[in-house]
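Reading the structure
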Amino acid sequence: MALKGSVRAHHDNKKEVASSEGGIPGVLGIRRENKNKWERRAPLAPRHVQALVAQGLKVVVQPSSRRIFTDAEYCAAGAIVQEDLSECATVVAVKEVPSEVLLPNRTWCFFSHTIKGQPAGMPLLDAVLEKQVRLVDYECITETGTRGGPRLVAFGAFAGLAGAIDFIRGLGERFLALGFNTPFLHVGSAFMYPSLEEACRAVALAGDAIRKHGLPEALCPFTVVVTGKGKVSQGALDILKLLPHAMMDPHDLADVCGHNPNCHQLHIAVATSEHMVQRRNGGGFNKKEYYADPSLYESVFQDAILPYSTVIVNGMYWDARFPRLFTHEDLSRHVNSGNDKLLGVCDITCDACGSVPTRQFTSIEQPFFIFNALTGIAANSLDEPGVLFHAVDHLPSELPREASEHFGDCLLPFLPALTATTAPRVPDSNQAELLPRPIRGAIVAEGGRLTRAYQYIEQLRKLKCEPDSFDAMDTSQAFGPHGLTKPPACATLEITGHLFDTRFVNQICDIVEAAQAKLQFLNVNVGGTVRDKSSMTALVCTHWEDKLQEVLVQIQGAAQDAAVEVRQVGVGPSDAAAANVDELQQLSTWTGNPRHVLVLGAGFVSAPLVEYLLRRPENRLVVASLERKEADALAQRYGTKVTAEVLDITCTSEEATAKREKLIESVDLIVSLIPASLHVGVAQTAIRLRKPMVTASYVSAEMQALDAEARDAGVLIINEVGLDPGIDHMSAMQMIDAANASGQGRIVGFSSLCGGLPAPEATSSSPIGYKFSWSPKGVLMASQNSARYRHEGMLNVVPGKELLANASPLILN
């Protein structure tokens, strides 16, 4: 008979039972990790538990004979070691928690692998919602409390450290299979050492041997390309730098490979986005632009770097929006051309068919495979022909002690606040406001629903496909930065005709449904008789622009068949500009005198102005900016009627002053969109050269001082007249004066919405239905100003703090 607590060969050690009761605030649980036999990490080390107990928290730890820290160590730190976690209001773990053991109505913290809509994680997410769990995902705990900010709780560097150590071991075994003895053969996997320090010592000893005896000449020059500069890549670099090495620029790899090799060192290059891609239509690399719209770029890594790389250590972030570094076909092409220098790939990122052609993940016990680029076959034997691949997706577990100590240091500051309350039973509760901002931003779900910041996951669930099918599916337009879906592409349609008799309403619904798009009727007016036409306003949204255009073409076709009028409104500036290019080309036969306009500045505000001015065929524009690429971009976008100039308004040199005056003298009108402080200098030159000028800034004291001088010169200088008051008041007086002049009635009231009309195309992508056309900060600050207006003869005053609360619904016909 087996004794209680002894090992049983047929016992399921993973079995746990979930409780349906709630937890107690101030009680924290640490779940035992059992995803696989190698998972020996813990979210908190005993010293972290001791610190929490000292603050008055109760800590319950599930027993584990596999964990790197013993149960006795946790007991000594003040924890209670027991299986039952039901009294814990908050439970922390490392890896995903099986759905069946999720304690309901608790706060659970772990890496959920759900935030990118990963198909494998969706059953777990469903269980989280069903059990009303508050899910905090470590991957989303950032400095800013928003996705994409610097992460605060992560194992990143340890993945790089362990990955590089394991890869060196694999290279030793692979080179032996190829007939070469190297010092790499004396390095083991990271888990084979009692500590990271011991593992580093083994790598350093291999480095001493390379420094003394060198590597086989057939392997040299031994070039190592590390992708990315994040924590993963930095961890890998820390290990590689223990070997004798020379750091180099990726652009110099070809030169190194063309000279006599130095076999006593490695040549290490760190490749970032600027080395990997180029702009499709020419022009320099712009990091901000690349991450905002990767489709503008294409990979050059496969020809500029791959042929000169002995090994590649891949540690960069990648998702389906970005170009791949290289593919199976690229490898095959280089093999056939004799440029197959590549011997190994360490894919720490472990994206299946991602930035590199990793066809399968490996395990800690069998960490390598050989990929034959000619046959496309992966083999487990390192004796087969091909490229060595290493792709273990839980590398930090090979360094469990150091990784857990580091992770606990990161997580510890957030736990007192996180354990102070129970998980809310309803979504969008005010409890989250009591939590630190980084934790608030990491709450994926609570109260049975996804939180606002993570509702995009539902969209991803519909769009996600298996990794192998990414080549057949163009998802590049559907995703924004960090894997988030872009706001929908929308069009607002005004529809007039016999909409119901012709069944046009049914047709438009069928078209939208077939396209898996979204349709919202904003307003419907039904004709009074069968002869009267009906009208409606409809909002159509899709996940990307191309699909929207397909839907609109189908709707217009159906409208023609039904004799219904459909007019699109709310077209954005970029679309309007594109639509106007052909029109402007048709008007290029203008035979009158051209009018030359100088636009100073090429920022965001300039594009709509350029598009507007080009509606007049006589206008010829010069866009001047300190940034050449901004001015060139506008010129390329709007065709031959726009030329670009580089101009420094602030430079006082004789040459710069002469260029500035010559440019101003050559035009008929100046529109200044540069910072307000620079307007005065331009205005002084404009007055002297008798050129009218318009600015987008309010009249400053310095500008006001030029009034008499401008009047004497007969030069018109128009500054910002404002919207409210300003254009709104002038248009109001125009309307009122016209009504009074007609003598056909008496005005009993007047109201204006000014700039308060919601942009129809923004209603689905913005919770406040507002499309920012200027500084968001300025909008929000203006929303706190007080309001004064007369209504039915009474003066009404609304304090700024109550302004938004006094909004009232309005239906437009």
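Coordinates for the structure precede this section.
Residues numbered from 1 in each chain as written. Predicted model: local features only at pLDDT ≥ 70, side-chain atom pairs only at ≥ 80, totals over all residues. Heavy atoms only, no water.

A short note on the overall build of the protein chain
Secondary structure summary: the protein chain contains 26 helices and 30 strands in total. Taking the intrachain contacts of the protein chain between residues at least 6 apart in sequence as the baseline, contacts between residues at least 24 apart amount to 65%. Carbon and sulfur atoms form 53% of the exposed surface of the protein chain, whose accessible area is close to 41,300 Å². (Helix = DSSP H or I, 4+ residues; strand = E, 2+ residues; numbered from the N terminus. Contact = heavy atoms within 4.5 Å. Areas by Shrake-Rupley, 256 points an atom, 1.4 Å probe, with all protein chains shown as cover.)

Some words on the sheet that holds strand E28 (residues 717–718)
The strands that make up a sheet pair up through hydrogen bonds in the backbone, lying either parallel or antiparallel. Sheet architecture is open: six strands sit in the order E25-E24-E23-E26-E27-E28, paired in parallel fashion. With one partner strand each, in any of the chains shown, strand E25 (642–646) and E28 form the two edges of the open sheet. Here strand E24 (residues 619–625) runs beside E25; their pairing, made up of five bridges, is parallel. Among the inter-strand pairings, Ser-625 is bridged to a residue of E25, identified as Val-646. Along the sheet, helix H21 (residues 654–665) contacts strand E23 (595–600), E24, E25 and strand E26 (669–672); its crossing angle with E25, the most-contacted strand, is approximately 160 degrees. Lying over the sheet, helix H22 (residues 679–688) contacts E23, E26, strand E27 (693–695) and E28, oriented at roughly 165 degrees with respect to E27. (Pairing = 2+ DSSP bridges. Axes fitted to C-alpha atoms, helices over the stretch in contact; angles between N-to-C directions.)

Describing a negative patch on the surface
Together, Asp-249, Asp-252, Asp-255 and Glu-274 make up a negatively charged patch on the protein surface. With respect to the secondary-structure elements, Glu-274 resides in helix H8 (residues 273–276). Judged by relative accessible area, which is 48%, Glu-274 ranks as partly exposed. (Patch = residues over 30% accessible without salt bridge, like charges linked within 9 Å, V, L, I, M, F, W, Y side chains within 5 Å. Salt bridge = Lys/Arg side-chain N within 4 Å of Asp/Glu carboxyl O. Lys, Arg positive; Asp, Glu negative; His and termini not counted. Charge placed at Lys NZ, Arg CZ, Asp CG, Glu CD. Buried < 20%, exposed > 50% of the residue type's maximum accessible area, 1.4 Å probe, protein only.)

What about the sheet that holds strand E3 (residues 80–81)?
The sheet built from eight strands is open, its strands ordered E3-E2-E1-E4-E5-E6-E17-E18 with mixed pairing. One side of each edge strand has no neighbouring strand; the edge strands of this open sheet are E3 and strand E18 (449–450). One ladder, built from two bridges, connects strand E17 (residues 443–446) with E18; its direction is antiparallel. Among the inter-strand pairings, Ala-445 is bridged to a residue of E18, identified as Leu-450.

Focus on the environment of Phe-750
By the secondary structure assignment, Phe-750 is in the loop between helix H25 (723–742) and helix H26 (776–782). Residues Phe-750 and Ala-732, 18 residues apart in the sequence, show an inter-C-alpha distance of 8.6 Å.

Regarding the pairing of strand E2 (residues 58–61)
Here strand E1 (residues 24–30) runs beside E2; their pairing, made up of four bridges, is parallel. Its bridge partner being in E2, Leu-28 is matched across the sheet by Val-59. This β-α-β element, E1 to helix H1 (residues 46–54) to E2, shows right-handed connectivity. Relative to E3, E2 runs parallel, the two being bridged by two bridges. In the sheet register, Val-61 faces E3, and the bridge partner there is Val-81. (Right-handed = clockwise from strand over helix to strand, strands pointing away.)

So, the packing of helix H19 (residues 606–613) against helix H20 (residues 628–638)
It is at 11 Å that the axes of H19 and H20 come closest, and there the two elements cross at 35 degrees. The chirality of how H19 crosses H20 is right-handed. Together, Ser-606, Ala-607, Val-610 and Glu-611 of H19 and Leu-634, Arg-637 and Tyr-638 of H20 make up the contact between the two elements. (Left-handed = near helix turned anticlockwise from the far one by under 90°.)

Observations regarding the packing of aromatic side chains
In total, this model carries 21 aromatic pairs according to the counting rule given. Here a set of aromatic residues connected by ring pairs shows up, and it is made of Phe-285, Tyr-290, Tyr-291, Tyr-297, Tyr-317 and Phe-322. Looking at Arg-41, its charged tip hangs above the ring of Phe-155, at a distance of 4.4 Å from the centre. (Phe/Tyr/Trp six-rings, centres within 6.5 Å; stacked < 30°, edge-to-face > 60°. Lys NZ or Arg CZ within 6 Å of the ring centre and 35° of its normal.)

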